[in-house]
Amino acid sequence: MIVTYTLADFAEARNALEAEGRRRVVFVATMGALHEGHRSLIRSAHRRGDAVVISVFVNPLQFGPGEDYARYPRPLSDDLDVCDAEGVDLVLVPTVAELYPAGRQVSVSAGTMGSVLEGASRPGHFDGVLTIVLKLLHLVRPQVALFGQKDAQQVACVQRMVTDLNLDVEVVSEPTVREADGLALSSRNIFLTPAERAMACSLAAALEKAATADTVAAARIAADEVLDRVQFEPAFELDYAVMVNPTTFAEIPDDHTGPALFVVAAKVGTTRLIDNMPLHLAAVISESVELTA
Ligand code: PAF
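Thresholds applied
Residues numbered from 1 in each chain as written. Predicted model: local features only at pLDDT ≥ 70, side-chain atom pairs only at ≥ 80, totals over all residues. Heavy atoms only, no water. Helix = DSSP H or I, 4+ residues; strand = E, 2+ residues; numbered from the N terminus. Buried < 20%, exposed > 50% of the residue type's maximum accessible area, 1.4 Å probe, protein only. Contact = heavy atoms within 4.5 Å. Salt bridge = Lys/Arg side-chain N within 4 Å of Asp/Glu carboxyl O. Phe/Tyr/Trp six-rings, centres within 6.5 Å; stacked < 30°, edge-to-face > 60°. Lys NZ or Arg CZ within 6 Å of the ring centre and 35° of its normal. Expected span 1.5 Å × (residues − 1). Arc of directions from axis to C-beta. Pairing = 2+ DSSP bridges. Axes fitted to C-alpha atoms, helices over the stretch in contact; angles between N-to-C directions. Near = heavy atom within 4 Å. Polar contact = N/O pair within 3.5 Å; in protein donor to acceptor, adjacent residues only side chain to side chain. Areas by Shrake-Rupley, 256 points an atom, 1.4 Å probe, with all protein chains shown as cover. Nonpolar A, V, L, I, M, F, W, Y, C, P; charged D, E, K, R; others polar.

Chemist: So what exactly am I meant to see when it comes to the environment of alanine 282 here?
Modeler: Within the secondary structure, alanine 282 is located in the segment after β9 (271-281). Among the residues examined, alanine 282 registers a relative accessible area of 35% and is labelled partly exposed. Setting aside its immediate chain neighbours within four residues, alanine 282 contacts Asp214 and Thr257.

Following this line, the structure appears as structure tokens:
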């Protein structure tokens, strides 16, 4: 495994992969603090190509003022051990100065779909994500880029950027990896106290219950039943629990049928958590429909 800290060293190692004939490069962008969710992305990357490249970079552009940029975990040597154990070929660990030498001027705008839900609670977040992802895609030049479905709105924004800017890369999202109690894996889970963690599990529990419903109304009632149990806890602050179109992230109407995504976000203690689950909403047969023999 080659670990690079400068863009020049990275470019040399990236070219060497090509020279060795390893043409299908699969990329996993991360902010480090690698967990089982990242490991499963790396394993999928091996199945999808012949070289796996990882970046480890806590991107300041996607954190708002007062968010957890400073305390975000940065266990670099553990992360490199994980990469090594998972057979990663090439790692890029750039500094902020290396990636943003001239500060911030030109950036990518995520548009409307980046300003709702997570984007409404974290203004500028998706602009920051898309700006770094675009830079990394240019540097890494992968054929495939893998992202975790836990950050569903991020995946949808990246996919839309790839479409709108005609980027030559296949974006693939991989299923969320969960703890035995349902909690979606996140590098931020380490901040949860045991009591907060128990509350955090209600997000996944609400989604699981909603996923068994077949109408928008039934899904909402099912999720509310679970969330009602924690909503008066002082440490639990629900931000949103809504059903959206998985591609546009626009809220779906009550009579929606077909694929939808139930997305939730909450602050538990000092930690902001997000989760989501796909729904398959059936058509409700209206009583006025005449049945023919
Ligand atoms: O999902 C993440 O860890 C980050 O948002 C990403 C894609 C690495 C961009 O900084």
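Next comes the rest of the write-up.
Chemist: Looking at this structure, how should I read the pattern of salt bridges?
Modeler: Opposite charge on two side chains permits them to pair, given that their charged atoms come into close proximity. Summed over the entire model, instances satisfying the criterion amount to 19 salt bridges. Here arginine 43 ties to glutamate 36 by a salt bridge, and the two come within 3.0 Å at their closest N and O atoms. By relative accessible area, which is 34% here, arginine 43 ends up partly exposed. A salt bridge links glutamate 174 to arginine 48; its shortest N-O distance comes to 3.0 Å. With glutamate 174 in strand β6 (residues 170-174) and arginine 48 in helix α2 (residues 36-48), this residue pair connects regions lying 126 residues apart in the sequence. Under the relative-accessibility criterion, glutamate 174 is labelled buried at 10%. Note on arginine 48: relative accessible area 32%, which makes it partly exposed. Put simply, Glu36, Arg39, Arg43 and Glu86 are held in one network by salt bridges that share partners.

Chemist: In this structure, what is going on with the packing of aromatic side chains? I would like to understand it.
Modeler: According to the stated counting rule, one finds 3 aromatic pairs in the structure shown. Considering the side-chain rings of phenylalanine 57 and tyrosine 100, the 6.2 Å spacing of their centres and the 45° angle between planes classify their relative orientation as tilted. Taken together, the positions of phenylalanine 57 in the loop between β3 (51-56) and α3 (76-85) and tyrosine 100 in the loop between α4 (96-99) and α5 (118-121) put the pair 43 residues apart, joining distant regions of the chain. Among the residues examined, tyrosine 100 registers a relative accessible area of 12% and is labelled buried. Each residue in the set Phe63, Tyr69 and Tyr72 is aromatic and connected to the rest through ring pairs, giving one cluster. Here arginine 71 stacks its cationic end above the ring of phenylalanine 191, 3.7 Å away from the centre of that ring. Above the face of the tyrosine 69 ring, arginine 74 is positioned so that its terminal group lies 4.8 Å from the ring centre.

Chemist: Hey, could you run me through α2 in this one?
Modeler: Along an α-helix, residues three or four apart share an orientation, since each turn contains 3.6 residues. With 13 residues, α2 should cover 18 Å at 1.5 Å per step; its first-to-last C-alpha distance of 18 Å lies within 8% of that length. Among the residues of α2, Gly37, His38, Leu41, Ile42, Ser44 and Ala45 are the ones counted as buried. One side of α2 holds all its buried residues, which, seen down the axis, span an arc of 165°. Considering only its buried residues, α2 is in contact with β2 (25-30), β3, β5 (144-148) and β6.

Chemist: How do you make sense of the sheet that holds β3 when you look at a structure like this?
Modeler: The strands making up a sheet are joined through hydrogen bonds of the backbone, oriented either antiparallel or parallel. Here we have 6 strands laid out as an open sheet, ordered β1-β4-β3-β2-β5-β6, and parallel in their pairing. Pairing within the sheet leaves two strands with one partner each, and these edge strands are β1 (2-4) and β6. The average angle at which neighbouring strand axes cross in this sheet is 25°, direction not considered. Taken strand by strand, α2 contacts β2, β3, β5 and β6, and its axis lies near 155° from that of β5. Set on the sheet, helix α6 (residues 125-140) makes contact with β2, β3, β4 (90-92) and β5; between it and β2 the angle comes to about 150°.

Chemist: What is the right way to read the site of the ligand from this model?
Modeler: Taken together, Ala29, Thr30, Met31, Asn59, Gln62, Ile132, Phe147, Asp151 and Gln154 make up the full set of residues adjacent to the ligand. One nitrogen or oxygen atom from the side chain of glutamine 62 is found 2.6 Å from an oxygen atom belonging to the ligand. Expressed as a share of its isolated accessible area of 290 Å², the protein-covered part of the ligand is 89%. Looking at side-chain class alone, the shell around the ligand contains 4 nonpolar, 4 polar and 1 charged residues.

Chemist: What is the right way to read the pairing of strand β8 (residues 258-268) from this model?
Modeler: β8 sits mainly inside the fold: 8 of its 11 residues count as buried. Note that strand β7 (residues 236-244) and β8 share 8 bridges and pair antiparallel. Note on β8: the bridge partner recorded for leucine 238 is alanine 266. Relative to β9, β8 runs antiparallel, the two sharing 11 bridges. Opposite phenylalanine 262, over in β9, you have methionine 277 as the bridge partner. Counting the residues that bridge the hairpin from β8 to β9 gives 2 residues, and of these glycine 269 lies at a positive phi of roughly 65°.

Everything listed here is a matter of geometry and, on its own, says nothing about what the molecule does.
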